[in-house]
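# Architecture at a glance
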Amino acid sequence: MKKNVIMISGRGSNMEAIIRNIQSGILKDVCSILSVYSNKPDAVGLQIAAEFGIPTHVITSKGKKRKTYTNMLLEWLKQENPDFIILAGYMKMLSSEIINEFPQRIINIHPADTSLHQGLHGYDWAFEHKLKTTKITVHFVDEGLDTGEVIGKKDVDISDCRTIEEVEQKGLKVEHQFYSECVRKILTTEHTVK
Ligand code: GAR
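Overview of the structure. (Residues numbered from 1 in each chain as written. Predicted model: local features only at pLDDT ≥ 70, side-chain atom pairs only at ≥ 80, totals over all residues. Heavy atoms only, no water.)

### Quick look at the sheet that holds strand β1 (residues 2-8)
Strand pairing within a sheet occurs via backbone hydrogen bonds; the two strands may be parallel or antiparallel. The mixed open sheet is built from seven strands, whose spatial order is β3-β2-β1-β4-β5-β6-β7. Unpaired on one side and paired on the other, β3 (56-58) and β7 (150-157) mark the two borders of the sheet. Ignoring which end each strand starts from, the neighbouring axes of this sheet average 20 degrees apart. As paired strands, strand β2 (residues 31-38) and β3 are joined by three bridges and run parallel to one another. By the bridge assignment for β3, Ser38 is matched with Val58. The strands touched by helix α1 (residues 13-24) are β1, β2, β4 (84-87) and β5 (106-110); relative to β2, the strand with the most contacts, the crossing angle is about 160 degrees. (Pairing = 2+ DSSP bridges. Helix = DSSP H or I, 4+ residues; strand = E, 2+ residues; numbered from the N terminus. Axes fitted to C-alpha atoms, helices over the stretch in contact; angles between N-to-C directions. Contact = heavy atoms within 4.5 Å.)

Here it is as structure tokens:
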């Protein structure tokens, strides 16, 4: 069974979906969570993790120099020694020191097709471009902004959505299932570091 850290910055709905799939879904017996980490002390997801009895850890990024924050985070991650780091709405770019320490072992979910839209506001982008179908991408994290190797992409039909909120609602429903499927795939197949 692989031991993993989940990193968040806010709501934590993807984190919660993964935890529920560990309890009684497709991640049962293949995945465990060592701890949930946030760079924001007020992230709602921290309370949710605590309610599930999962240890939480915070290093506030705001107000720290990038180098200082990176060193603190790297030291903590080395102590945790996870098999994989699962980013679930972690809204900060990871420094190369951290990526190099965990090559092909950091996974992210992105609410768009990473080849078409990178960075924030993936659902707003899909809505504003009047897409009938958008995609969710799960990928390994490298030093670029959403440029890492793709693990999987999934279509979301948004043709009937009239607001950005409806697009997000539909997208998140797909994210919650698809992320666990991709995590399962990575955790259960022989994984070679490139
Ligand atoms: C999700 O839609 C996730 O795909 C997105 O943030 C949201 C987090 O929601 N991530 C990114 O945009 C990363 N570039 P959650 O905290 O409820 O899981």
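That shown, we press on.
### Here's the deal with the pattern of salt bridges
For the coordinates displayed, the defined rule picks out seven salt bridges. Residue Arg11 pairs with Glu168 through a salt bridge whose shortest N-O separation is 3.6 Å. One end of the pair, Arg11, is in the loop between β1 and α1; the other, Glu168, is in helix α6 (residues 164-188), and 157 residues separate them in sequence. A relative accessible area of 47% places Arg11 in the partly exposed class. Owing to a relative accessible area of 29%, Glu168 belongs among the partly exposed residues under this scheme. Across the salt bridge formed by Asp155 and Lys135, the nearest N and O atoms sit 2.7 Å from each other. Taken together, the positions of Asp155 in strand β7 and Lys135 in strand β6 (residues 133-140) put the pair 20 residues apart, joining distant regions of the chain. (Salt bridge = Lys/Arg side-chain N within 4 Å of Asp/Glu carboxyl O. Buried < 20%, exposed > 50% of the residue type's maximum accessible area, 1.4 Å probe, protein only.)

### Let's talk about the environment of Leu27
Considering the arrangement of structural elements, one finds Leu27 in the loop between α1 and β2. Residue classification places Leu27 among the buried positions, given a relative accessible area of 0%. Sequence spacing of Leu27 and Met7 is 20 residues, and the spatial spacing of their C-alpha atoms is 18 Å.

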